[in-house]
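Coordinate inspection notes
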Amino acid sequence: MKNSELQEHATHIRQNIIKEVYNAQSGHPGGSLSAADILTVLYFEFMDITKENALSIDRDRFVLSKGHASPLLYAVLAEKGILPEEQLMTFRKINSKLQGHPNMNYVPGVDMSTGSLGQGLAAADGMAIANRLAGNPHRVYALLGDGECEEGEVWETVMAASHYGSDNLCAIIDHNGLQIDGTTHDVIGLDSLGDKFLSFGWHVIRINGHDYEQIRNALMEAEKTKYHPTVIVAETVKGKGVSFMENQVAWHGKAPNEEQMKEALKELGAE
Amino acid sequence: MAMATREAYGHELAELVKENPRIVVLDADLAGSTKTIEAKKVAPERFFDMGIAEADMIGHAAGLAASGYIPFASSFAMFCTGRAWEQIRNSVAYPHLNVKIVGTHSGITVGEDGASHQAIEDIAIMRAIPGMEVYVPCDAAETKALIRYVSTTKKPCYVRLGRASVDDVYDDTTTFDFPRIKVVNRGEKVAIFATGLEVQEALKAAKNLQSYGMNPTVVDVCSIKPLDEAGIVDILRTHDKIITVEEHNVIGGLGEAISSVSTNREPKLITKLGMPDCFGESGKPRELLEKYRLTYETICDAVSSLCD
């Protein structure tokens, strides 16, 4: 796919993220916007998920370990035609399938229920092991937040996936450097993320998480990497695409008001 | 033949992995103790030692279940239910994934390891999770039948097993109808609801009391959740006095489960025997049961005082 087409999809996904969170007056725009480019490339160039095979496990699967980026996942599934776009306006509302954090039993295409940080990667590696046991050639992807890597369970899984040689597993870190209480550096000194994975035996790729070429090349390199799981440490900007949200931790989990929503959509080129 | 329920688990799991290629086994560095090593011997390619990392073990089990496998994940009851409680809650029970959590070395009869290793809250914390099933078999035959049963249920569950060898209550010809209760001694006036190794203690109490002209009914409640309400109500209606006994804190376990049925359907005064909201300690299993008043003698006293 041409980078310009990817850009169009990503922009539309970002518009929907803003609409979802505005409409719900609740949700997490910052960390959804930061990973929009990564998931656009992943879903439009790599994963073989379609509306028809959404309920099957005989396809590539994706675990949103940072479950609070649910507006992004729902917008991506809508962009792929798997989720009806109008359903996005039920996000976080009573009786909706689109829970605040994703429920795998409610939405075709959501491959794991997540929300409590630190747990998704273990499930993803369980799926990767299952695929190898079953001779299923499909890959498993997991998106983690950088702050999420403060959870001890992440490192238990990083150790296990390396030990079991999960080369069909690819973790992507949305490394936007911000968490609720401040920067990941100031809060708990979460530095040298790539080196940490490296020392656990992972293949580490460092990229700019908003550069389509770099995202594409990294995912291709991950596919080709044998015997080791791959982590893509993607440097991103929290709130990417909406100037007043960029690098502002205040937009981690806050909904825009009407004026801010209009301004954001205008910046994102919506009519 | 006396055997620990964990041993029966290892034997049955080894049979099941032979029969069913969808069964996978996970352990957290305790395969020799939990007896999952028996399954490893039969199907090493479907055995995964996750190291001393219970939270990650449960997460992996969830992913395997989401891929159509039937994972049995084991460790000591304390660690697989305690350390990994939130993983069980959010990654297994919330998405209704078909994971079988089997905790061995439950209760105070872990013995010498002491309170840090003696899970007396596991029934309570597993029971409190929506949709989570909780089973406590009392002997080898019931354990084997139960393990086979849960391998077919397509639901998450917790099975609580023990370290210590226990006498047989049943034999290989016994048929089980989980989650129904089993009346193991049909008596009168007083009914004792017991679970796990307290079933043997209750039976021993009943036998002792028979020579004094008393004959309490003894009920084996293996399935604490789902609870056989109809069966329990029937026992409550046909008996005057009720006793519950469990190797678990009196808070949140079998006693409160039975109480809840009684409160809603057939109000009765219930004497609850169990750990009196305190931690255990090191010692031999029998010494601990005696010190914490969980042997047949205590049950005899309780029945006698109710019959006065």
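So, how was this worked out
- Residues numbered from 1 in each chain as written.
- Chains lettered and ligands numbered in written order.
- Predicted model: local features only at pLDDT ≥ 70, side-chain atom pairs only at ≥ 80, totals over all residues.
- Helix = DSSP H or I, 4+ residues; strand = E, 2+ residues; numbered from the N terminus.
- Buried ≥ 20, exposed ≤ 12 C-beta atoms within 10 Å, placed from the backbone.
- Contact = placed C-beta atoms within 7 Å.
- Rg over C-alpha atoms; globule rule 2.2 N^0.38 Å.
- Nonpolar A, V, L, I, M, F, W, Y, C, P; charged D, E, K, R; others polar.
- Pairing = 2+ DSSP bridges.
- Axes fitted to C-alpha atoms, helices over the stretch in contact; angles between N-to-C directions.
- Domains from an automatic or database assignment.
- Parallel < 35°, antiparallel > 145°, perpendicular 65-115°, else oblique.
- Core = buried A, V, L, I, M, F, W, Y, C linked by C-beta atoms within 7 Å.
- pLDDT = per-residue confidence, 0-100.

Let us look at the overall build of chain A. Check the secondary structure of chain A and you find 10 helices and 7 strands. Once the C-alpha set of chain A is aligned to its principal axes, its extents read approximately 50 × 45 × 35 Å. Split into buried and exposed, the 271 residues of chain A put 52% on the buried side. Put simply, of all contacts in chain A between residues at least 6 apart along the chain, 75% involve residues at least 24 apart.

Now for the overall build of chain B. Helix and strand content of chain B: 13 helices and 14 strands. In terms of overall size, chain B behaves like a compact globule, its C-alpha atoms giving a radius of gyration of 18 Å where 308 residues would be expected to give roughly 19 Å. Expressed as lengths along the three principal axes of its C-alpha atoms, the size of chain B is roughly 60 × 40 × 35 Å. Out of the 308 residues belonging to chain B, those deemed buried represent 59%. For chain B, long-range pairs separated by at least 24 residues make up 79% of all intrachain contacts whose partners lie at least 6 apart in sequence.

Tallying the contact residues gives 23 residues for chain A and 24 residues for chain B. Counting residues per element, the side of chain A that touches chain B draws most heavily on helix α5 (residues 120–134) of chain A, at 10 residues. Split by residue class, the side of chain A that touches chain B holds 12 nonpolar, 8 polar and 3 charged.

Residue and element names in this part refer to chain B. Spatial ordering of the open sheet is given by β9-β11-β10-β13-β14, a layout of 5 strands whose pairing is mixed. Each edge of the sheet is formed by a strand with only one pairing partner; in this case those strands are β9 (182–185) and β14 (270–275). The mean angle between the axes of side-by-side strands here comes to 25°, regardless of whether they run parallel or antiparallel. With 4 bridges joining them, strand β10 (residues 190–194) and strand β11 (residues 217–220) adopt parallel strand pairing. Looking across to β11, one finds that F193 is bridged to V219. Sitting on the sheet, helix α9 (residues 198–210) touches β9, β10, β11 and β13 (241–249), and the angle it makes with β13 is about 145°.

A separate point is the domain arrangement of chain B. Residues and elements named next belong to chain B. When the domains of chain B are assigned, the result is domain 1 (3–166) and domain 2 (182–307). The straight-line distance from the C-alpha centre of domain 1 to that of domain 2 is 25 Å. Each partner contributes residues to the interface: domain 1 has 26 residues there, and domain 2 has 29 residues. Of the residues in the side of domain 1 that touches domain 2, the class split is 14 nonpolar, 6 polar and 6 charged.

Right, let's talk about the packing of helix α1 (residues 3–24) of chain A against helix α10 (residues 258–267) of chain A for a bit. Residue and element names in this part refer to chain A. Running from N to C, α1 and α10 cross one another at 170°; their axes reach a closest spacing of 9 Å. By the angle between their axes, α1 is roughly antiparallel relative to α10. Mapping the contact onto sequence places Q15, I18 and Y22 in α1 and M261, A264 and L265 in α10. Within the contact of α1 with α10, the residues separate by chemical class into 5 nonpolar, 1 polar and no charged.

So, about helix α4 (residues 70–79) of chain A. All names here are of chain A. Burial within α4 is extensive, with 10 of its 10 residues counted as buried. Of all the residues in α4, the buried ones are S70, P71, L72, L73, Y74, A75, V76, L77, A78 and E79. Contacts from the buried residues of α4 go to α1, α2 (30–33), α3 (36–46) and β1 (61–64). Of the residues trailing α4, G81 is marked for its positive phi of about 80°.

A word on the pairing of strand β3 (residues 169–175) of chain A. Residue and element names in this part refer to chain A. Counting buried residues in β3 gives 7 out of 7 residues, a clear majority hidden from the surface. Alternating positions in β3 separate into two faces, L169, A171, I173 and H175 on one and C170, I172 and D174 on the other, with burial throughout. In terms of strand pairing, β3 meets strand β7 (residues 230–235) through 6 bridges, oriented parallel. Bridge pairing in β7 places C170 opposite T230.

Our next topic: the nonpolar core. Looking at soluble globular proteins, one finds that nonpolar side chains tend to be buried together. Grouped together as the largest cluster of nonpolar side chains are 184 residues, with contacts concentrated most on L72 and I232 of chain A together with I192, A202 and I299 of chain B. The dominant element in this core, judged by the number of residues it contributes, is α5 of chain A, at 8 residues. Each of domain 1 (3–166) and domain 2 (182–307) of chain B accounts for three or more of the residues forming this core. Beyond its immediate sequence surroundings of up to four residues, I192 of chain B is in contact with A202, P216, T217, V218, V219, I243, V245 and I299 of chain B.

A few words on the confidence of the model for chain B. On average, residues of chain B score 97 in pLDDT, and 100% of them are at 70 or above. Our summary of model confidence lists the complex with pTM equal to 0.97 and ipTM equal to 0.97.

Of note, the amide linkage connecting F178 of chain B to P179 of chain B takes the cis form, showing an omega dihedral of 5°. Its location among the elements puts P179 of chain B in the loop between β8 (165–166) and β9. Omega for the bond connecting K225 of chain B with P226 of chain B falls within 30 degrees of zero, at 5°, which places this linkage in the cis form. By the element assignment, P226 of chain B lies in the loop between β12 (223–225) and α10 (229–238). At R92 of chain A, a position not held by glycine, the phi torsion is positive, near 65°. Mapped onto the elements, R92 of chain A comes out in the loop between α4 and α5. A count of 19 C-beta atoms within 10 Å places R92 of chain A in the partly exposed class. If you check the backbone angles, N247 of chain A has positive phi at about 60° while not being a glycine. Along the chain, N247 of chain A turns up in the loop between β7 and α10.

All names here are of chain A. Relative to the helices and strands, H185 is located in helix α7 (residues 184–188). We classify H185 as exposed; it has 11 C-beta atoms within 10 Å. On a C-alpha basis, the gap between H185 and L144 in space is 17 Å, while along the polypeptide they are 41 residues apart. With near-sequence residues (within four places) excluded, H185 lies in contact with L190 and D191.

Here the focus is the sheet that holds strand β3 (residues 47–49) of chain B. Residues and elements named next belong to chain B. In space, the 7 strands of this open sheet follow the order β3-β2-β4-β5-β7-β6-β12, with mixed pairing throughout. Every interior strand has two partners, whereas the edge strands, β3 and β12, have only one. Each strand axis lies, on average, 20° off the axis of its neighbour in the sheet, ignoring direction. In this sheet, strand β7 (residues 157–160) lies alongside strand β6 (residues 133–135) in parallel orientation, the contact comprising 3 bridges. Looking at β7, one finds that E133 is bridged to C157.

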